[in-house]
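Breakdown of the fold
Each chain is listed here by its residues.
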Amino acid sequence: QIAGQIIGKGGSHVKKLREATGAMISIDANTNVIEVTGSADKVKAARAAIEDIIAVEKINNEGVFIRIPVAAQALIIGAKGSMVKEIESKSGCRMDLDRNNNIIKLKGTASSKDSGKAIILSLLKDAEYEENMYGVVTEAEAYSSSINSRDNASNHQGKDEVNDHDDDSEKVSA
């Protein structure tokens, strides 16, 4: 997924990176290895730009988890999903409701997740739910009773490895 963000639609992002840094950048989509070649300065500039993209993508992939009371599901969903659509539209984040665990997961940019969180917490407060019945939780807390190997595996995705070579080229696994 991160390699896709670096490549961009039709290779547009990697083309811009090449033009901006002067480095040669190639990406193996099967292994997610990014190879950067050129002078030391060009490689350094390309690496910094790629690391910035990776950092932003990691932030965008981190979810915000909100535990809600069972009775609040209807409030948050709304008639035919109208409230979910409204929250997503106003905040810019994507909402997923896990009805089995009474957890809302917000995905998107940091600001869109913050906006979505504020809207949801305000709805719950306005509906006069007791504050100890809902709140922001960690992913581990959200799924403490249902953690499985899939959840554990997802916590280890996106590890970055950088291999420096003497020939002023680098390979970055995204």
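Everything numeric in this text was worked out from a predicted model, so none of it was measured.

Details of unusual backbone geometry
Positive phi values are uncommon outside glycine, yet K80 reaches one of about 55°. Mapped onto the secondary structure, K80 falls in the loop between α4 (73-77) and α5 (82-91). Judged by its relative accessible area of 82%, K80 is exposed. For N102, which is not glycine, the phi torsion reads 55° and is therefore positive. Mapped onto the secondary structure, N102 falls in the loop between β4 (94-98) and β5 (103-107). What makes N102 buried here is its relative accessible area of 15%.

Details of the environment of I120
Secondary-structure assignment places I120 in helix α6 (residues 110-126). Sequence-wise, I120 and I104 are 16 residues apart; in three dimensions their C-alpha atoms are separated by 9.4 Å. Among all residues touching I120, those that are not within four sequence positions of it are I66, I76, I87, M95, I104 and L106.

Brief notes about α6
In this model α6 runs 24 Å from its N-terminal to its C-terminal C-alpha over 17 residues, within 8% of the 24 Å that 1.5 Å per residue would give. Taken together, the buried positions of α6 are S112, K113, G116, I120, L123 and L124. Within α6, the buried residues cover an arc of 100° as seen down the axis, which keeps them to one side. The outward face of α6, more than 90 degrees from its buried face, is lined by the exposed residues S111, K125 and D126. In this structure, the buried residues of α6 make contact with α3 (40-61), β3 (64-67), α4, α5, β4 and β5. Looking one or two residues beyond α6, the residue adopting positive phi is E128, at roughly 65°.

Quick word on the packing of α5 against α6
Taken N-terminus to C-terminus, the directions of α5 and α6 make an angle of 140°; their axes are 8 Å apart at the nearest point. Classed by the angle they form, the pair α5 and α6 counts as oblique. For the pair α5 and α6, the crossing hand works out as right-handed. Along its contact with α5, which presents M83, I87, K90 and S91, the element α6 presents S112, S115, G116, I119, I120 and L123. A class-by-class count of the residues in the contact of α5 with α6 yields five nonpolar, four polar and one charged.

Points about the confidence of the model for the chain
Per-chain confidence: the chain averages 81 in pLDDT, with 82% of residues scoring 70 or above. Mean pLDDT across the elements of the chain bottoms out in helix α8 (residues 149-154) (33) and peaks in α5 (96). Ignoring residues within four places in sequence, the model shows residues 146-167, a span with pLDDT below 50, making 27 contacts including any to other chains.

Details of the pattern of salt bridges
In the structure shown here, the tally under the stated rule is five salt bridges. Across the pair D96 and R94 runs a salt bridge whose closest N-O atoms are separated by 3.6 Å. Here D96 falls in the partly exposed class, since its relative accessible area comes to 26%. For R94, a relative accessible area of 47% puts it in the partly exposed group. Here the salt bridges share partners, and the residues they tie into one network are E88, R94, D96 and K107.

Conventions used here
- Residues numbered from 1 in each chain as written.
- Predicted model: local features only at pLDDT ≥ 70, side-chain atom pairs only at ≥ 80, totals over all residues.
- Heavy atoms only, no water.
- Helix = DSSP H or I, 4+ residues; strand = E, 2+ residues; numbered from the N terminus.
- Buried < 20%, exposed > 50% of the residue type's maximum accessible area, 1.4 Å probe, protein only.
- Contact = heavy atoms within 4.5 Å.
- Expected span 1.5 Å × (residues − 1).
- Arc of directions from axis to C-beta.
- Axes fitted to C-alpha atoms, helices over the stretch in contact; angles between N-to-C directions.
- Parallel < 35°, antiparallel > 145°, perpendicular 65-115°, else oblique.
- Left-handed = near helix turned anticlockwise from the far one by under 90°.
- Nonpolar A, V, L, I, M, F, W, Y, C, P; charged D, E, K, R; others polar.
- pLDDT = per-residue confidence, 0-100.
- Salt bridge = Lys/Arg side-chain N within 4 Å of Asp/Glu carboxyl O.

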